[in-house]
Amino acid sequence: MGNPLFARKPMSMLLAEAQEVGGHSLKRTLGPFQLTALGVGAVIGAGIFVFSGLGAHYAGPGLMLSFVLSGLGCAFAALCYAEFAAMIPLAGSAYTYAYATLGELFAWIIGWDLTLEYAMGASTVSSGWSNHFIELLNIFHIKMPLWLAYDHWTGLSTATKMVARQMAQASDAMLRPGTQAFLDKVDAIIKAQSPELVQQSHALLNAPTIFGSEIGFNLPAFLIALIITAVLVIGIKESARFNSTIVAIKVSVVLFVIGLGIRYVDFSNWGHDWSTFAPMGFAGVGAGAAYVFFAYIGFDAVSTTAQEAKNPQRDLPIGIIVSLLICTVLYISVAGVLTGMVHWQDVNIEAPIARAFLDRGLSTASHIVTLGALAGLTSVMLVMLLGQTRVLYSMANDGLLPKKFFAAIHPKFRTPYKNTMLVGLLAAIVGSVTPIDDIGKMVNIGTLLAFVIVCIAVMILRNTNPDQARPFRTPWVPVVPVLGILFNGYMMYKLGWVNWARLIIWLIIGLVIYFTYSRYHSRVSNAQQQ
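Some details on a positive patch on the surface
Together, K27, K237, R241 and K310 give the surface a local cluster of positive charge. Assignment of secondary structure puts K27 in the loop between α1 (11-19) and α2 (32-43).

Here is the structure:
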């Protein structure tokens with residue numbers, strides 16, 4: 001009898017679960033089109049509309065290469081995911097695959113890690129959604145109180161920036177808003193933290209206080225998370241239909257950005273040699289890739305819907321690989337247009353694409369971009385919350401979480417409704433009171449770790465279970481998984497020690513739960529000990 005910590009879930013048990021039907025199982029309604037739309041829905045969102053600005057400041061015009069580098073890392077992982085998804089068509093994604101290959105402890109670690117990717121990812125996106133919603137309100141000259149539009153830290157920081165911009169313009173009429181000189185002046189005013197700045201910022205924020213402390217609450221982020229949760233509870237078919245509509249809108253907006261932006265590209269902005277194309281060298285391109293990686297997160301969520309696919313063996317690999325291909329081509333095109341329209345040093349970090357159009361006097365185009373970003377972020381949230389609930393459902397079915405709650409299926413809607421409501425509420429609360437930047441980087445490192453583990457797992461299962469039927473086979477094993485490990489490991493390294501520390505703390509919390517609850521309730525290790 002082996003160590004229960006490394007008990008593997010037998011392939012026969014996995015395949016029996018995949019065949020289950022009836023009121024206690026999930027409903028198989030998704031075809032290849034819906035699965036590809038879920039992949040595109042999860043991928044195109046905050047990354048392209050928001051993170052491309054940050055990436056450009058590291059990579060310059062080499063941002064196009066950053067998207068290629070990130071895309072390659074994802075492609076190698078995607079080919080490994082596709083083999084598993086076709087072979088083990090169960091909800092749970094990388095968690096389920098790790099259980100079959102690496103054993104229970106690793107499966108728990110990856111399941112807990114996926115919570116960091118999906119639930120925290122949904123929180124990040126709800127916060128980004130709120131920023132674009134506020135921009136949309138501004139178009140119609142509707143102003144929300146700052147303390148209701150942001151969490152407290154972001155609200156105070158926004159108020160401080162607004163006051164500092166006014167002070168910078170008042171100090172020098174020659175300064176043009178948005179230029180590097182103007183931003184440097186604003187930064188200098190903020191760093192000085194004069195009593196006048198502090199007083200005016202708090203007055204502008206005008207937040208109510210509880211026990212003498214100011215409060216802030218991102219109401220739009222909170223409400224959108226609850227609306228998406230309601231859609232997910234009602235059913236997978238309805239969720240997929242809602243998602244497909246939104247995907248059609250946002251892909252149209254991305255094509256519009258490329259089509260209109262090409263007319264304003266100045267090729268000299270791309271530089272004339274390697275040093276002007278990638279001003280910070282390959283290290284800058286690598287750092288850019290690590291930041292824009294957030295733009296790719298989500299294609300793996302397609303594999304969490306395996307139990308709701310009509311023909312998972314054929315359709316899941318199609319959904320995973322085709323959605324990633326579509327998004328990579330669109331991303332490289334948008335990066336080329338952005339760095340061609342605006343010199344990389346002048347790219348706006350907050351709303352890079354909308355600002356590039358505004359600077360050309362194309363205000364209607366920038367409004368369309370804002371709408372596209374809103375649509376994009378809505379579907380990303382939907383797929384991330386969907387992925388999270390399916391991972392928890394799988395973990396609860398294995399006894400690692402309380403089954404009566406996390407695996408409870410609604411008799412009419414056939415969705416894991418209790419866990420969906422809990423995850424949605426938590427994502428709504430985190431997104432409404434936490435700053436977006438910190439969560440975004442945590443999500444990146446959690447996802448990259450999942451990718452590395454899936455690449456390792458493919459190689460292990462080829463050795464331990466070579467005769468298992470594989471409807472889709474990852475090509476060139478071990479070359480593709482090893483490249484997946486190297487590319488994604490490199491991007492993890494580029495995220496810096498602070499994010500590593502956060503990841504380790506998160507995993508320690510998970511291990512405490514495992515050793516106090518999960519290992520005693522595990523179906524697999526209990527069955528093996530009998």
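Quick word on unusual backbone geometry
Cis geometry is found at the peptide bond from V477 to P478, where omega equals 10 degrees. When you line up the elements, P478 lands in the loop between α20 (436-464) and α21 (479-493). A positive phi angle is found at H141, which is not glycine, with a value near 60 degrees. Checked against the element boundaries, H141 lands in the loop between α6 (104-139) and α7 (146-149). On the basis of relative accessibility, which here comes to 70%, the residue H141 falls in the exposed class. Notably, W476 is not glycine yet its phi reads approximately 50 degrees, a positive angle. Position of W476 relative to the elements: it lies in the loop between α20 and α21. Residue classification places W476 among the exposed positions, given a relative accessible area of 65%.

Observations concerning the confidence of the model for the chain
Looking at the chain as a whole, its pLDDT mean stands at 86, while 96% of the residues score no less than 70. For the chain, per-element mean pLDDT is lowest for α1, which scores 77, and highest for helix α18 (residues 403-406), which scores 94.

Some details on the packing of α2 against helix α15 (residues 312-341)
α15 packs onto α2 with a crossing angle of 40 degrees between their chain directions and a minimal axis gap of 8 Å. Classified by the angle their axes make, α2 and α15 are oblique. Considering how the two elements wind past one another, α2 and α15 form a crossing that is right-handed. Contact residues: P32, L35, T36, G39, V40 and V43 in α2; R314, D315, L316, I318, G319, V322, S323, I326, C327 and Y331 in α15. The residue makeup of the contact of α2 with α15, split by class, is 10 nonpolar, 4 polar and 2 charged.

Section: the nonpolar core
Counting residues in hydrophobic clusters, the biggest one holds 147 residues, and the most contacted among them are F67, Y81, F84, I88, Y95, F299 and F357. Contact partners of Y95, with chain neighbours within four places excluded, come to A107, W108, I110, G111, L114, V391, S394, M395, D398 and L400. Core analysis: the second largest hydrophobic core is formed by 9 residues, V163, A164, A168 and V186 among them.

Quick notes on a nonpolar patch on the surface
A cluster of nonpolar side chains, L65, V68, L72, W274 and F282, forms an exposed patch at the surface whose accessible area comes to about 430 Å². Element by element, the count of residues in the nonpolar patch is highest for helix α4 (residues 63-87), at 3 residues.

What to know about the pattern of salt bridges
Within the structure shown, the criterion is met by 6 salt bridges. Across the salt bridge formed by E308 and R390, the nearest N and O atoms sit 2.8 Å from each other. Placement of the pair is E308 in the loop between α14 (281-292) and α15 and R390 in helix α17 (residues 363-397), with a sequence separation of 82 residues. Looking at E308, the relative accessible area reads 0%, which means it is buried. What makes R390 buried here is its relative accessible area of 1%. The salt bridge partner of D315 is R314, with a shortest N-O separation of 2.6 Å. R314 sits in the partly exposed class, given a relative accessible area of 47%. Linked through salt bridges whose partners overlap, the residues forming this network are E83, R462 and R470.

Here's the deal with the environment of F277
Inspection of the secondary structure puts F277 in helix α13 (residues 274-277). Along the sequence, F277 and R473 sit 196 residues apart, while their C-alpha atoms lie 38 Å from each other. Excluding residues that lie within four positions of it along the chain, F277 makes contacts with A59, G60, P61, G62, M64, L65, W270 and G271.

Observations concerning the packing of aromatic side chains
Counted under the stated rule, the structure contains 19 aromatic pairs. Between W274 and F277, the aromatic rings sit 6.3 Å apart at their centres with planes inclined by 45 degrees, giving tilted as the arrangement. In this pair, W274 and F277 are both assigned in helix α13, 3 residues apart and thus about one turn of the helix distant. Overall, the relative accessible area of 44% leaves W274 in the partly exposed class. On the basis of relative accessible area, F277 is assigned to the buried category, the value being 19%. Taken together through their ring pairs, the aromatic side chains of Y81, F84, Y97, F293 and F451 make up a single cluster. Over the face of the ring belonging to Y520 we find R519, whose NZ or CZ atom lies 5.5 Å from the ring centre.

Analysis parameters
Residues numbered from 1 in each chain as written. Predicted model: local features only at pLDDT ≥ 70, side-chain atom pairs only at ≥ 80, totals over all residues. Heavy atoms only, no water. Patch = residues over 30% accessible without salt bridge, like charges linked within 9 Å, V, L, I, M, F, W, Y side chains within 5 Å. Areas by Shrake-Rupley, 256 points an atom, 1.4 Å probe, with all protein chains shown as cover. Salt bridge = Lys/Arg side-chain N within 4 Å of Asp/Glu carboxyl O. Lys, Arg positive; Asp, Glu negative; His and termini not counted. Charge placed at Lys NZ, Arg CZ, Asp CG, Glu CD. Helix = DSSP H or I, 4+ residues; strand = E, 2+ residues; numbered from the N terminus. Buried < 20%, exposed > 50% of the residue type's maximum accessible area, 1.4 Å probe, protein only. pLDDT = per-residue confidence, 0-100. Axes fitted to C-alpha atoms, helices over the stretch in contact; angles between N-to-C directions. Parallel < 35°, antiparallel > 145°, perpendicular 65-115°, else oblique. Left-handed = near helix turned anticlockwise from the far one by under 90°. Contact = heavy atoms within 4.5 Å. Nonpolar A, V, L, I, M, F, W, Y, C, P; charged D, E, K, R; others polar. Core = buried A, V, L, I, M, F, W, Y, C linked by side-chain atoms within 4.5 Å. Phe/Tyr/Trp six-rings, centres within 6.5 Å; stacked < 30°, edge-to-face > 60°. Lys NZ or Arg CZ within 6 Å of the ring centre and 35° of its normal.

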